[in-house]
Amino acid sequence: MIESLLVANRGEIARRIIRTAKRLGIRAIAVHSEADADLPFVAEADEAVLIGPPNPALSYRNTEAILAAAKSTGAQAIHPGYGFLSENAEFARTVEASGLIWVGPDADAITAMGDKINARNLMAAAGVPVAPGTTDPAADLDAAVTAAAEIGYPVMVKAAAGGGGMGMGVAVDEAALRTEYDKVRAFAERMFGDGSVLIERYFPRVRHVEVQILGLADGRVVALGERECSVQRRNQKLVEESPSPAVSPELRSRLLAAAVRAGEAVGYRNAGTVECLLNPATDEFFFLEMNTRLQVEHPVTEYVYGIDLVEEQLRVASGLAPTFDPDALTPSGHAIEMRINAEDPKRFLPGPGVIRTWVEPAGVGVRVDSGYTEGNTVTPFYDSLLAKLIVSGATRDEALDRAKEAVAAFQIEGPKNNVPFFAELLTNEEFLSGAYDTGIVSRMR
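Residues numbered from 1 in each chain as written. Predicted model: local features only at pLDDT ≥ 70, side-chain atom pairs only at ≥ 80, totals over all residues. Heavy atoms only, no water.

Colleague: How do you make sense of the pairing of strand S8 (residues 197-201) when you look at a structure like this?
Modeller: Within a regular strand, side chains alternate between the sheet's two faces. Of all 5 residues in S8, 4 are buried, a share of seventy percent or more. In this structure, strand S6 (residues 155-159) lies alongside S8, joined through 5 bridges in antiparallel fashion. The partner of Met 156 across the bridge, within S8, is Glu 200. (Buried < 20%, exposed > 50% of the residue type's maximum accessible area, 1.4 Å probe, protein only. Helix = DSSP H or I, 4+ residues; strand = E, 2+ residues; numbered from the N terminus. Pairing = 2+ DSSP bridges.)

What follows is the structure, encoded as structure tokens:
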């Protein structure tokens, strides 16, 4: 097993990785910006290194600073968490070229799945269903218009190098396409350094369902069930649950088999997620993208399968067998995760500030993965995620009951936060029924 681990991230995910590392007797090393010096993950690490100012480009995305920290502390491995450099193939290559262990898929897999057009084509070749769309980037507006006419409106205009719900727009006709194409292309060039755009068929009433996969050290790829991720604002997730209330045993079998084929197609190792769009009217699903990293919502899978995904990541990176029997995976119960963000609960606009009160819920079936505590300052430099509230139960109804109690008990004063939104959602009949789709938040607003 790895003996020392540098966590190249911040907030709740850094704290969560550090917790597992220390449980396994691994020396946990944190890196942090000047803005994060007082956060819990820094204090809880065995060692912490200041790597730069608040600007992520000068700290959490600063490859040289992170590698220097690894060298100065004698780190043996680097875990990138999610976001920042986690899906940066060049960083993964540099880490390994420096003689360090990269806790994630290899750089070739990251590269293969990082470009959405290349990923679509790979998945189609592997027999994974893909939505109608372009097989090459739409080189210019005229090409996009021609492609959209062949695919049929409405269409999704998507940054080929994008991710995390960013760099997407919907066009219902040619006039809208002309506007969205220029907008998405400009955004993609600015944010990802790649203005390539793809055009896909847009399905107005769909569910967002994903499958957790794990590529094992022996070369096998296993699927650890599905997660429902349809409660979203601006194409970004707010709630995830497992198993999905929309997925039947027969559909689950097809979904998981397709996800395994996706992983096998790129020789995948370590944790990853195959995201799909599901048409609940027909039980058809289409490959959306593959996230070559640990997902924010991984705790719901941990509850249902009774495993620690970070531990499994570390075991794969160490060349060790998993803690579970890959041939006897048995899910049990139901889990729901709510993303507690520093944003107002109506328009979901960021609201940083000093945390005056922070009281986390507790009890049977309740887990809080938090990045902050009372007295910390939520700055405007990073993602608005404060904590993840995860609840579990023997059934979905039991998990929902625990969710209501936990949300009512979660007290945050200071920065704006979306806890009131979850209180509202947990009384929404559409959500409670389980028959919801990606438009539920917009219908609530």
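Here the narrative resumes, following the displayed structure.
Colleague: What am I meant to see in the pairing of strand S2 (residues 27-33) here?
Modeller: Among the 7 residues in S2, 6 count as buried, and that is most of the element. As for the winding sense of the linkage, the β-α-β connection from strand S1 (residues 4-7) through helix H1 (residues 11-23) to S2 is right-handed. Direction of pairing for S2 relative to strand S3 (residues 47-52): parallel, over a ladder of 5 bridges. If you follow Val 31 over to S3, its bridge partner there is Val 49. (Right-handed = clockwise from strand over helix to strand, strands pointing away.)

Colleague: Whenever I open this one, the sheet that holds strand S19 (residues 385-393) confuses me. Can you help?
Modeller: In a beta sheet, neighbouring strands are held together by backbone hydrogen bonds and run either parallel or antiparallel to one another. The sheet built from 8 strands is open, its strands ordered S13-S12-S9-S10-S11-S14-S19-S17 with antiparallel pairing. The sheet terminates laterally at strand S13 (284-291) and strand S17 (366-370), the two strands that pair on one side only. Shown here is a sheet whose adjacent strand axes are inclined to one another by a mean of 25°, direction ignored. Relative to strand S12 (residues 270-279), strand S9 (residues 207-215) is paired through 9 bridges, and the arrangement is antiparallel. Note that in S12 the partner of Ile 213 across the bridge is Gly 272. Contacting strand S11 (236-242), strand S14 (334-341), S17 and S19, helix H12 (residues 396-409) crosses the sheet at an angle of about 140° to S19. (Axes fitted to C-alpha atoms, helices over the stretch in contact; angles between N-to-C directions. Contact = heavy atoms within 4.5 Å.)

Colleague: Where do I start with the environment of Val 260 in this structure?
Modeller: Note that Val 260 resides in helix H9 (residues 249-265). The spatial distance from the C-alpha of Val 260 to the C-alpha of Thr 111 is 18 Å, given a sequence separation of 149 residues. Beyond its immediate sequence surroundings of up to four residues, Val 260 is in contact with Val 221, Val 222 and Ala 223.

Colleague: Can you help me understand helix H3 (residues 63-73) in this one?
Modeller: Note that an α-helix has 3.6 residues per turn; residues three or four places apart therefore point the same way. Among all positions in H3, only Ala 65, Ile 66, Leu 67, Ala 69, Ala 70 and Thr 73 are buried. Packed against the buried residues of H3 are S1, S2, S3, strand S4 (77-79) and helix H4 (89-97). The N-cap residue of H3 is Asn 62: its side-chain oxygen and the backbone nitrogen of Glu 64 are 3.3 Å apart. (Polar contact = N/O pair within 3.5 Å; in protein donor to acceptor, adjacent residues only side chain to side chain.)

Colleague: Got a minute to help me understand the nonpolar core in this structure?
Modeller: Formed by 95 residues in total, the largest nonpolar core has its most connected members in Leu 6, Ile 78 and Val 231. With 27 residues, the next largest nonpolar core counts Ala 112, Ala 119, Leu 256 and Val 260 among its residues. (Core = buried A, V, L, I, M, F, W, Y, C linked by side-chain atoms within 4.5 Å.)

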